[in-house]
Amino acid sequence: LAKKECDVVVVGAGTAGLTAAMFAARHGLRTVLLERLMGGAQIINAEKIENFPGLPQGLSGAELGASMQEQTVKAGVEILLEEVFSLGLESPKFVVTSDVRDYLTKSVIVATGSGLRRLGIAGEDEFTGNGVSHCATCDGPFFTNEVVGVVGGGDTAADEAISLTSYAEKVILFHRRDRLRAQQVLQQRLIRQPKIEIMWNTVVERILGSDTVTGVQTRNVITNLEHRLSLSGMFVYVGLTPNSSLLGNLLMLDNGGHIPVNLRMETSVPGIFAAGDVRQHSAAQLVSAAGDGATAAISAYHYISNSRSR
Ligand code: NAP
């Protein structure tokens, strides 16, 4: 296929990318948004989003993702399900290569988000899809009236443990410290929920099973005592890793793989902007991702207008 020319290519259709593309199109820029999986990205599995301003009743991630996508398409953005493999410079433009074609573009907004970090313990890979899961909303019903475990102490672990109580008989939350990182409102819900038991100062060292998960081996980090517990599902929520592997040759990344940006969401390469979870020091919230997207698009608009007048 011939190279397709545009003003902005946005990579990633999560909240940051959808917002960036919508703002870019509303500024009159020819905007293409490339996404490898599904518009809405990470939030589509969130059962209820309660902290996006203007939605006092909350909304499911699937609904919010779909409406953001609808609004972006309405603004004139072409959203294409293509996976981006590389990003290169063809001065003064950029070439974005997907599994379908090359795009020649004046600017790029990287909104590739993040993926769930893995624990890296025995049994985790082996039982993924057979008892180990990263999606309580999708897989929770498989564990109706059973005992499941959740690892992590952040907002995701708390949210997902609460969701799992709709199905499971008991949810054991394993946290490596004696205090949760999750926001207060979620901590209070966790503690009030009778089906949830929190095992403090506990790390999961091994996931046990034969065809499917049958239990876990844990260690108390204070006493060093090891323990084996029976359960049939393990949900792992131990943080996020940025999806930035395709960018390292062109952009500066920090030690954690995030993209350093300034307040205009400008990266180390003029014409490339970053927004959302993938950028350094992101608050990793939907509303801040949306804000980043708007900022990145407005900066891309100024960058393109200034290049025209030079
Ligand atoms: P997170 O905030 O980074 O928390 C990760 C949790 O996993 C921490 O409690 C951490 O323990 C634990 N952990 C990390 N590595 C571990 C290991 N090797 N073994 C055992 N435990 C480990 O990640 P997150 O909960 O996925 O949240 C990511 C971002 O999304 C956050 O900014 C969060 O606020 C946001 N988010 C918001 C909502 C919401 O607003 N409702 C929902 C979901 C996510 P320590 O505490 O000891 O470090």
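A few points on the structure. The shown structure was predicted, so the numbers you read here are calculated from the model rather than taken from an experiment.

1. A few points about the overall build of the protein chain
Reasoning step 1: Helix and strand counts for the protein chain come out as six helices and 17 strands.
Reasoning step 2: Over its C-alpha trace the protein chain gives a radius of gyration of 21 Å, about what one expects of a compact globule, namely 19 Å for 310 residues.
Reasoning step 3: Within the span of the protein chain, comprising 310 residues, buried residues form 46% of the whole.
Reasoning step 4: Considering only contacts in the protein chain between residues 6 or more positions apart, those separated by 24 or more positions represent 58%.
Reasoning step 5: Approximately 15200 Å² of the protein chain is accessible, and the part contributed by carbon and sulfur atoms is 50%.

2. What to know about the sheet that holds strand β13 (residues 213-220)
Reasoning step 1: On the basis of which strands lie adjacent, the open sheet formed by three strands has the order β12-β13-β14 and antiparallel pairing. Across the chains shown, the open sheet's two edge strands, defined by having one partner strand only, are β12 (202-209) and β14 (226-230). The average angle at which neighbouring strand axes cross in this sheet is 25°, direction not considered.

3. Notes on the pattern of salt bridges
Close approach of charged atoms allows side chains with opposite charge to pair.
Reasoning step 1: With the rule as written, the count across this model stands at ten salt bridges.
Reasoning step 2: We note a salt bridge from glutamate 78 to lysine 4, for which the minimum N-O separation is 3.1 Å. You can see glutamate 78 sitting in strand β3 (residues 78-81) and its partner lysine 4 sitting in strand β1 (residues 4-11), a full 74 residues away along the chain.
Reasoning step 3: According to the relative accessible area criterion, glutamate 78 is partly exposed, its value standing at 34%.
Reasoning step 4: On the basis of relative accessibility, which here comes to 22%, the residue lysine 4 falls in the partly exposed class.
Reasoning step 5: A salt bridge links lysine 93 to glutamate 5, with the nearest nitrogen and oxygen atoms 3.3 Å apart. A residue pair is termed long-range when its members are at least 10 positions apart, and lysine 93 in strand β5 (residues 93-98) and glutamate 5 in strand β1 qualify at 88 residues.
Reasoning step 6: Judged by its relative accessible area of 45%, glutamate 5 is partly exposed.
Reasoning step 7: Among the ionic contacts, a cluster of salt bridges with common partners joins Asp7, Arg30 and Lys106.

4. Topic: the site of the ligand
Reasoning step 1: With respect to spatial proximity, 21 residues lie near the ligand, and among them Asn51, Asp155, Thr156, Arg181 and Gln285 are the closest.
Reasoning step 2: Notes on the ligand: free accessible area 920 Å², of which the protein chains cover 77%.
Reasoning step 3: Ranked by the residues each element gives to the shell around the ligand, the list is headed by helix α4 (residues 155-164), at three residues.

5. Topic: the sheet that holds strand β10 (residues 170-174)
Reasoning step 1: On the basis of which strands lie adjacent, the open sheet formed by five strands has the order β8-β15-β9-β10-β11 and parallel pairing. Looking along the sheet, the strands with just one partner apiece sit at the ends: β8 (132-133) and β11 (196-199).
Reasoning step 2: By the bridge criterion, four bridges tie β10 to β11 in an arrangement that is parallel. Its bridge partner being in β11, leucine 173 is matched across the sheet by isoleucine 198.
Reasoning step 3: Packing against the sheet, α4 makes contact with β9 (147-151), β10, β11 and β15 (233-236), and its axis sits at approximately 170° to β9.

6. Overview of the nonpolar core
Reasoning step 1: With 29 residues, the main nonpolar core has Val8, Val10, Leu33, Leu64 and Ile109 as its most contacted residues.
Reasoning step 2: Those elements that place two or more of their residues in this core are β1, α1 (15-26), α2 (61-74) and α6 (286-309).
Reasoning step 3: At seven residues, the largest contribution of residues to this core is made by α6.
Reasoning step 4: Discounting residues that sit within four places of it in the chain, leucine 64 has contacts with Ile43, Ile49, Phe52, Leu55, Leu59 and Leu286.
Reasoning step 5: Membership of the second largest hydrophobic core comes to 20 residues, among which are Leu87, Phe94, Ile259 and Val269.

7. Here we look at unusual backbone geometry
Reasoning step 1: Cis geometry is adopted by the peptide bond preceding proline 92, which originates at serine 91 and carries an omega value of 5°.
Reasoning step 2: One can find proline 92 in the loop between β4 (84-90) and β5.
Reasoning step 3: The phi dihedral of asparagine 201 is positive, around 50°, even though this residue is not glycine.
Reasoning step 4: When you line up the elements, asparagine 201 lands in the loop between β11 and β12.
Reasoning step 5: Look at asparagine 201 and you get buried, because its relative accessible area is 16%.
Reasoning step 6: One non-glycine residue, alanine 284, adopts positive backbone phi at about 55°.
Reasoning step 7: Turning to its location among the elements, alanine 284 is positioned in the loop between β17 (272-274) and α6.

8. Points about the packing of α1 against α2
Reasoning step 1: Running from N to C, α1 and α2 cross one another at 20°; their axes reach a closest spacing of 9 Å. With respect to their mutual orientation, α1 and α2 come out roughly parallel. Between α1 and α2 the crossing geometry is left-handed. Residues Thr15, Leu18, Ala21 and Met22 of α1 pack against Gly65, Met68, Gln69, Gln71 and Thr72 of α2.
Reasoning step 2: Considered class by class, the residues forming the contact of α1 with α2 number four nonpolar, five polar and no charged.

Here is what the cut-offs are and how they apply
Residues numbered from 1 in each chain as written. Predicted model: local features only at pLDDT ≥ 70, side-chain atom pairs only at ≥ 80, totals over all residues. Heavy atoms only, no water. Helix = DSSP H or I, 4+ residues; strand = E, 2+ residues; numbered from the N terminus. Rg over C-alpha atoms; globule rule 2.2 N^0.38 Å. Buried < 20%, exposed > 50% of the residue type's maximum accessible area, 1.4 Å probe, protein only. Contact = heavy atoms within 4.5 Å. Areas by Shrake-Rupley, 256 points an atom, 1.4 Å probe, with all protein chains shown as cover. Pairing = 2+ DSSP bridges. Axes fitted to C-alpha atoms, helices over the stretch in contact; angles between N-to-C directions. Salt bridge = Lys/Arg side-chain N within 4 Å of Asp/Glu carboxyl O. Near = heavy atom within 4 Å. Core = buried A, V, L, I, M, F, W, Y, C linked by side-chain atoms within 4.5 Å. Parallel < 35°, antiparallel > 145°, perpendicular 65-115°, else oblique. Left-handed = near helix turned anticlockwise from the far one by under 90°. Nonpolar A, V, L, I, M, F, W, Y, C, P; charged D, E, K, R; others polar.

Such coordinate-based values are descriptive only and should not be taken to indicate function.
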